[in-house]
Amino acid sequence: MTNPIFFGDPAQVAAAGPGDIFRLEGPEARHAVSVKRLGAGESVDVVDGAGRRLTGTVTETGASLLELRVANVIDEPVEPERFLLVQALAKGDRDEQAVEAATELGVDTVIPWQSDRSIVRWRAEKAVKGQAKWQALTFAAAKQSRRSRIPAVEPALDSRALPARLAELDLVLVLHEEADVPLANAVRDLGKRGPDEAPASIAVVVGPEGGISPAELEALRGVGAVAVRLGPHVLRSSTAGPAALAVLNSLLGRW
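Residues numbered from 1 in each chain as written. Predicted model: local features only at pLDDT ≥ 70, side-chain atom pairs only at ≥ 80, totals over all residues. Heavy atoms only, no water.

**Q** So what exactly am I meant to see when it comes to the environment of V33 here?
**A** Here V33 lies in helix α2 (residues 27-35). Sequence separation between V33 and A63 is 30 residues; the distance between their C-alpha atoms is 7.1 Å. Setting aside anything within four residues of it in sequence, one finds V33 in contact with L38, T61, G62, L65 and L66. (Helix = DSSP H or I, 4+ residues; strand = E, 2+ residues; numbered from the N terminus. Contact = heavy atoms within 4.5 Å.)

**Q** Any chance you could explain the nonpolar core here in plain terms?
**A** If you look at the biggest cluster of nonpolar residues, it comprises 28 residues, and the most contacted ones within it are W134, L173, L175, L183, V204, L245 and L248. When residues of this core are traced back to their parent elements, those giving at least two are β6 (81-88), α3 (94-104), α4 (125-144), β10 (171-175), α6 (183-187), β12 (200-206) and α8 (237-251). Here this core takes four residues from α8, the largest share from any one element. If we skip the residues at most four places from it in the chain, L173 touches L183, A186, V187, I202, A203, V204, V205, V226, V228 and L248. (Core = buried A, V, L, I, M, F, W, Y, C linked by side-chain atoms within 4.5 Å. Buried < 20%, exposed > 50% of the residue type's maximum accessible area, 1.4 Å probe, protein only.)

**Q** Help me out: how do you make sense of the side chain of S213 in this one?
**A** Tracing the chain through its elements places S213 in the loop between β12 and α7 (214-221). Under the relative-accessibility criterion, S213 is labelled buried at 8%. Excluding residues within four positions of it along the chain, S213 makes contact with D116 and R117.

**Q** Honestly, the packing of α3 against α8 in this entry has me stumped. Any pointers?
**A** When two helices pack together, their arrangement is given by the angle between their axes and by how far apart the axes lie. The N-to-C vectors of α3 and α8 enclose an angle of 15°; their axes lie 7 Å apart at closest approach. In terms of orientation, α3 and α8 fall into the roughly parallel class. Considering the relative orientation of α3 and α8, their crossing is right-handed. On the side of α3, the interface is formed by R94, Q97, A98, A101 and A102, while α8 contributes S237, S238, P242 and L245. (Axes fitted to C-alpha atoms, helices over the stretch in contact; angles between N-to-C directions. Parallel < 35°, antiparallel > 145°, perpendicular 65-115°, else oblique. Left-handed = near helix turned anticlockwise from the far one by under 90°.)

**Q** What is the right way to read α4 from this model?
**A** The α-helix advances 3.6 residues per turn, and as a result positions three or four apart in sequence lie on the same side. For α4, with 20 residues, the first-to-last C-alpha span of 29 Å sits near the 28 Å given by 1.5 Å per residue. Those residues of α4 that sit buried are G130, W134, L137, T138, A141, A142 and K143. On its buried face, α4 sits against β1 (5-7), α2, β6, α3, β7 (109-114) and β8 (152-153). (Expected span 1.5 Å × (residues − 1).)

**Q** Is there a simple way to think about the pattern of salt bridges in this case?
**A** Think of it this way: side chains of opposite charge can pair up when their charged atoms draw near. Under the counting rule described, the total for this entry stands at eleven salt bridges. As a salt-bridge pair, R23 and E67 come within 2.6 Å of each other at their nearest N and O atoms. Taken together, the positions of R23 in strand β2 (residues 21-25) and E67 in strand β5 (residues 65-75) put the pair 44 residues apart, joining distant regions of the chain. Judged by relative accessible area, E67 falls into the buried class, the value being 11%. Here the salt bridges do not stand alone but share partners, grouping R23, E25 and E67 into one network. (Salt bridge = Lys/Arg side-chain N within 4 Å of Asp/Glu carboxyl O.)

**Q** What should I look at first to understand the layout of surface pockets in this one?
**A** Picture a little ball the size of a water molecule; that probe, rolled over the atoms, points out where space is still empty. Within this model, the largest pocket holds a volume of roughly 680 Å³. Along the walls of the largest pocket sit 32 residues, with L175, H176, E177, G211 and V234 positioned nearest its centre. Elements that contribute at least two residues to the lining of the largest pocket include exactly α7, β13 (226-229) and α8. By residue class, the composition of the lining of the largest pocket is 14 nonpolar, eight polar and ten charged. The space that makes up the second largest pocket amounts to roughly 520 Å³. The wall of the second largest pocket is formed by 26 residues, among which E79, G106, D108, R147 and R149 lie closest to the centre. A per-class count over the lining of the second largest pocket returns ten nonpolar, five polar and eleven charged. (1 Å grid on protein atoms, 1.4 Å probe; cavity = no way out; pocket = protein on both sides within 12 Å on 5 of 7 lines; lining within 4 Å. Points joined across faces, edges and corners; volume = space filled by probe spheres on them. Nonpolar A, V, L, I, M, F, W, Y, C, P; charged D, E, K, R; others polar.)

Here it is in structure tokens:
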């Protein structure tokens, strides 16, 4: 069984080495001690949210303290591909379900999309609060899935701004029920990057309950996006993005 993980201060995690005593304090320590009931002698991981992982054994606990002796320091390699999820705002928390599942499936960046047909609307303060809530979701989902990296949640974009954000990516896949191209065909020619090359950036674009409008699809195609389908059935907004990420994980050899 994998160790439970907790997020530590990045500077402190960076300074720790094998044999050191690492002090985890604050909310994460309280969660470890009060909720997880961890005690001396148990194995835990502390990560910095950006790929560094400390593995060790608990030596002491307190109300807001967890001390562990560091056994190993692991800098986990960056994957050859970087996944982005463009998730249209959707009602009934379906967009939040998608963000949580996408985090578990390895997404690196999430972009909330205020699409033309989104019923949910983020305006002014609501947009700020919505972004913060989605970031909290990625934090919790990364912790649950034992990830050492927390996906970034960018500010929400509308349909006028989205094409420019996606224009420089290597591949943009728009999930569309009327598309003729299977997702697998669209990624077939995306080769693995060399060790000195930046990760290939792949975006998955998911529309709202009412679907992506023809004008939005045309604008995305204008910056090189490819409309693709996953299969014969229409998936919910909460399901489509995670399903596509699962397929990409398989096709690109991550799984």
